[in-house]
Amino acid sequence: MNKFLFLKARDKPHYERALHRLRERGPRMLPMHPDRITLLSDPENFLFFVAFERTDTGGFHKRYTALGDKRLFAIDGLAYTRDIRFGTHYAADVERAWTHGDDAVQSLHGTWALGQYRQSSGARFLSDFTGMTPLFYWRDARYFAVSPRQQLLAHICGEGEWDLVGLSWLAGQANLMGDRTAFRNVFHLPPQWSLSISATASDLKPRLEPREIWSDKPDPTIRDSELRQAESAFISHFDALSALPIHDCKIDITGGLDSRLVAAGAMSSQLRSRVRALSTHGPENGHEIQVGREVAAKLGVPHEAATPKAPHLAPEEILAKLRASVFRYEAGICPSDGLINPARSSRSVLTGAAGEIYRRHCKPHLQTNIRSTGELLSCFKSYHQKTDPLALERRSFRRHQEQFMQRLALRYAREGADLNDITDIFFLRYRLPLWNGILLNNIYSTLRLYPLVDYRCAKFAFQKGYRFRVSDRLHFELLIRINPELAAMPFLQFVWPEHLQKRAHDYGVTVADQPFKVSGTHHLRQKSPILEAMMGPGWELARQYLLDAPNSRLWDILDRTAVEQRFRIGSGDLKGVVGPKQIFAALGMQCALTGDMKEERQAAPPSSVHFDGDAAAVFGAPECAT
């Protein structure tokens, strides 16, 4: 794990002020304890570039920075190809692939953010096409700065002030929308857009180079040669994973399409010998576990059933975890999504996360067929949930959010996107980076690998149009080509569409026309134990935390009368998770606005911190390095 900050100031006084703040505040803003700090300072041009590394993330050591004469390269996340070495050469090899390769977005696997400064040419920054290692930037008359950690920008360029419009999205959609964040003057750099700035002193004008994966000229014709290319790209991604220095890994297996495709790809590639087991989480002999067990048996791989007991946490403990969650995830996600305990050891897991790139993520839009801008506007008053589900926001904020999503949708339509592609563009632009990215990129302990994140396959899926995606056609074609037996096995609560069942006959395969037949009853919880605890015995504590805080700006966003009425009604009518999550979102917003975040970093403090470049002069005092 690596969090870096590039900062360029208007003049020397602002540069020196930022350097002082970096020393005093920088390490406190991190989600982990660094074991190496690298700093390149260029006082003549009023800029510096600093990287805070934890080099043992994922169970193997690697350097995330490459330092040279008046140049520094830094990477956050994990980028890899079959030729990139790990350990001390890792960052240098990634930089070389970016500098001399044809295109980093196309040629580098993984989810990553890159930053490079050379005094001769300036600085440039780029993230992969998913933005799951998101980049953010600050720009005003005093500073230009870039970092994957928003609090470094907000507290070193400014005073950590909150942006009420950005923060309000937690209550409205439980997910940031647009490029405005919860911090004032901090903006999200869209996935795969590049940003650069010169080294010239006092030049604070960055250059943005837009780039989108969606096609304004879709080609719905599906050619066998294209399917063969997609299959080759998919398997080559798994072969590249085999270059990682991991001795063994597990595959998360559920009853669905994404994890089964990952299992098929891994067991058909050079990664096969590294797979220790397929693992399923759930209640004892739960339905997902039953399906996962059958898939593992078909592949001849051991199966592990992870059946953790539901945690019994007192409401006071949940509130403490919520305060730590708001700090770790920078008020960017609903805190109930990120209430985790730091794991004691690192492990490598292959997961089917982000498979929605190839099909539809947004369930409310799953069966829509938008034929006019009027229908588009009606559809985008909400996205993955009803905007402001409990009607707790002030009307002006709720109306702003509805209109903002509509304007975004119209903008993509004017830029040439098919009306039915726009919901999937929202997923790539806002949900993946600003929910998955913020959540997963601030967890130290587990190295999660996303083999379904493949640029070439994603580009192909968008070129073929939304009907190709909503029918799960790419999943079908890859799975039946790679492992026909897994394609034929039934899924939990899913069957291939009728036209794909007929197409399976072209491959000489008969696929299941009924879902997996499970045994026993399996009642999924409507709410997590944490949500249930706060909606039950913790209800009064939640009320006090929201309503008793003096002088909070929360009531500039939420309607206090509506919140008071909700607590008088109680929580008995809050079914499912959407309503309780909005209560948690309000708690997180209150935590942020009252300065009640709990600074909690994952990974034990290192026995010593290594300083590179100019870091010792700035961070040499022991209290600055922990």
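A brief report on the enclosed structure follows.

The rules we used
Residues numbered from 1 in each chain as written. Predicted model: local features only at pLDDT ≥ 70, side-chain atom pairs only at ≥ 80, totals over all residues. Heavy atoms only, no water. Helix = DSSP H or I, 4+ residues; strand = E, 2+ residues; numbered from the N terminus. Expected span 1.5 Å × (residues − 1). Buried < 20%, exposed > 50% of the residue type's maximum accessible area, 1.4 Å probe, protein only. Contact = heavy atoms within 4.5 Å. Pairing = 2+ DSSP bridges. Polar contact = N/O pair within 3.5 Å; in protein donor to acceptor, adjacent residues only side chain to side chain. Axes fitted to C-alpha atoms, helices over the stretch in contact; angles between N-to-C directions.

**Overview of helix 9 (residues 287-299)**
Here is step 1: Spanning 13 residues, helix 9 covers 19 Å between terminal C-alpha atoms, matching the ideal 18 Å at 1.5 Å per step.
Here is step 2: Taken together, the buried positions of helix 9 are occupied by His287, Ile289, Gln290, Val291, Gly292, Val295, Ala296 and Leu299.
Here is step 3: Backbone geometry just after helix 9 places Gly300 at a positive phi near 70 degrees.

**What to know about the environment of Ala353**
Here is step 1: Locating Ala353 in the fold gives a position in the loop between strand 16 (347-350) and helix 11 (373-379).
Here is step 2: Residues Ala353 and Ser259, spaced 94 residues apart in sequence, show a C-alpha to C-alpha distance of 8.0 Å.
Here is step 3: Those residues in contact with Ala353, other than ones at most four positions away along the chain, are Tyr450 and Leu452.

**What about the pairing of strand 1 (residues 2-9)?**
Here is step 1: Within strand 1, 8 of the 8 residues are buried, leaving the element largely enclosed by the surrounding structure.
Here is step 2: Because side chains alternate across strand 1, one face comprises the buried residues Asn2, Phe4, Phe6 and Lys8, and the other comprises Lys3, Leu5, Leu7 and Ala9, equally buried.
Here is step 3: Examined bridge by bridge, strand 1 and strand 3 (residues 47-53) share 7 bridges and lie antiparallel to one another. Bridge pairing in strand 3 links Asn2 to Glu53.
Here is step 4: Pairing analysis gives 4 bridges linking strand 1 to strand 9 (residues 143-147), with the strands arranged antiparallel.

**Focus on helix 14 (residues 455-463)**
Here is step 1: Among all positions in helix 14, only Tyr455, Cys457, Ala458, Phe460, Ala461 and Phe462 are buried.
Here is step 2: For helix 14, the N-terminal capping position is held by Asp454, with its side-chain oxygen 3.1 Å away from the main-chain nitrogen of Arg456.
Here is step 3: In the segment just after helix 14, Gly465 is the residue with positive phi, at about 90 degrees.

**Structural notes on the sheet that holds strand 2 (residues 36-42)**
Here is step 1: The 7 strands lie next to each other as 10-8-9-1-3-2-18, forming an open sheet whose pairing is mixed. The sheet is open, and its two edges are formed by strand 10 (186-189) and strand 18 (610-613), each paired on a single side. Sheet twist, expressed as the mean angle between neighbouring strand axes with direction ignored, is 15 degrees.
Here is step 2: Relative to the sheet, helix 1 (residues 12-25) contacts strand 1, strand 2, strand 3 and strand 9, its axis offset from that of strand 3 by approximately 10 degrees.

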